[in-house]
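Report on the structure
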Amino acid sequence: MYGIDILVEEHKNIIEFCKSMKSMCCSIIEGEDVDINLVKECVAFGKNYADHLHHGKEEKILFKVMLEKLGPVADKLIRNGMLVEHDLGRLHMNELLEAIDRYEKDPSTLNKLDIITNASGYATLLNRHIGKEDEVVYTFAQRALSDEDKERVDAETNEFDEAPENKADVEKYLDWLKNFKEKYPAR
């Protein structure tokens, strides 16, 4: 199923981002200065690639179809699980951005801790979240959706991916991720 295959591929990129972000946090703990601009770029990746480009497809396409077609099990799984975790990820990114702003004004240990806490918390949350989606949500969708609904998900996903602004953003963020992974390889 094209729509789910694309989401799984994007998960791999998000996992790599999370590994590198944790590596960056470790470097800060070990004494490296906080690179404010790089942390802002991490927030941009989280908000744009992981949230808008990836979670946007899940929420507006796959989850929408699942909620329409698969009844109370899908409702509980998506509304009480996946969407709550998407919101928690957004909270971590917003808190990270606020921590960066505070750190720029006052580079204290407390503000540095807030940067590390929210960056690491986001990475931990997304790693667990991705496991649930790959192993439970996507499997359920593939098994339970009709062929017609799967075709709808695939077509809408393809349309989203082919939008020129989305294609350009994916390319931009994957190039950025390549450089980020080189600077902070997974530990």
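A quick note: this is a predicted structure, and the numbers were derived from the prediction, not measured.

On to the overall build of the protein chain. Looking only at helices and strands, the protein chain has six helices and zero strands in total. Listed N to C, the secondary structure of the protein chain is α-α-α-α-α-α in terms of helices and strands. Since a compact globule built from 187 residues should have a radius of gyration of about 16 Å, the 17 Å found for the protein chain is in line with a globular shape. Taking the intrachain contacts of the protein chain between residues at least 6 apart in sequence as the baseline, contacts between residues at least 24 apart amount to 85%.

Moving on to the pattern of salt bridges. This model, assessed by the stated rule, comprises 17 salt bridges. Two residues, E59 and R90, come together in a salt bridge whose shortest N-O distance is 2.8 Å. Of this pair, E59 sits in helix α2 (residues 36-69) while R90 is found in helix α3 (residues 71-105), placing the two residues 31 residues apart along the sequence. You can call E59 partly exposed: its relative accessible area is 26%. Its relative accessible area of 24% is what places R90 among the partly exposed residues. Through salt bridges that share partners, D51, E59, D87 and R90 make up one connected network.

With the rule as written, the count across this model stands at nine aromatic pairs. With centroids separated by 6.1 Å and ring planes inclined at 55°, the aromatic side chains of F17 and W176 adopt a geometry described as tilted. Here F17, found in helix α1 (residues 2-29), pairs with W176, found in helix α6 (residues 164-183); they are 159 residues apart in sequence, far enough to count as distant. Using a relative accessible area of 0% as the deciding quantity, one classes F17 as buried. Here W176 falls in the buried class, since its relative accessible area comes to 15%. An aromatic cluster is present here, built from F17, F45, Y49, Y122, Y173, W176, F180 and Y184 joined pairwise through their rings.

Next up on the list: the environment of E104. With respect to the helices and strands, E104 occurs in helix α3. Classification of E104 by relative accessible area gives partly exposed; the value is 41%. In this structure, the C-alpha to C-alpha distance between E104 and D35, residues 69 residues apart in sequence, is 10 Å. Residues contacting E104, with those up to four places away along its chain left out, are I36 and K40.

Attention now moves to the side chain of D51. As for its position among the elements, D51 is in helix α2. Those residues in contact with D51 that lie beyond four places of it in its chain are G46, G56 and R90.

Attention now moves to the nonpolar core. Residues F17, M21, M24, L62, M66 and F180 are the most contacted members of the largest nonpolar core, which totals 53 residues. By residue number, the principal contributor to this core is α2, which donates 14 residues. Setting aside anything within four residues of it in sequence, one finds M21 in contact with C42, M93, A119, Y122, A123 and F180.

Conventions we followed
- Residues numbered from 1 in each chain as written.
- Predicted model: local features only at pLDDT ≥ 70, side-chain atom pairs only at ≥ 80, totals over all residues.
- Heavy atoms only, no water.
- Helix = DSSP H or I, 4+ residues; strand = E, 2+ residues; numbered from the N terminus.
- Rg over C-alpha atoms; globule rule 2.2 N^0.38 Å.
- Contact = heavy atoms within 4.5 Å.
- Salt bridge = Lys/Arg side-chain N within 4 Å of Asp/Glu carboxyl O.
- Buried < 20%, exposed > 50% of the residue type's maximum accessible area, 1.4 Å probe, protein only.
- Phe/Tyr/Trp six-rings, centres within 6.5 Å; stacked < 30°, edge-to-face > 60°.
- Core = buried A, V, L, I, M, F, W, Y, C linked by side-chain atoms within 4.5 Å.

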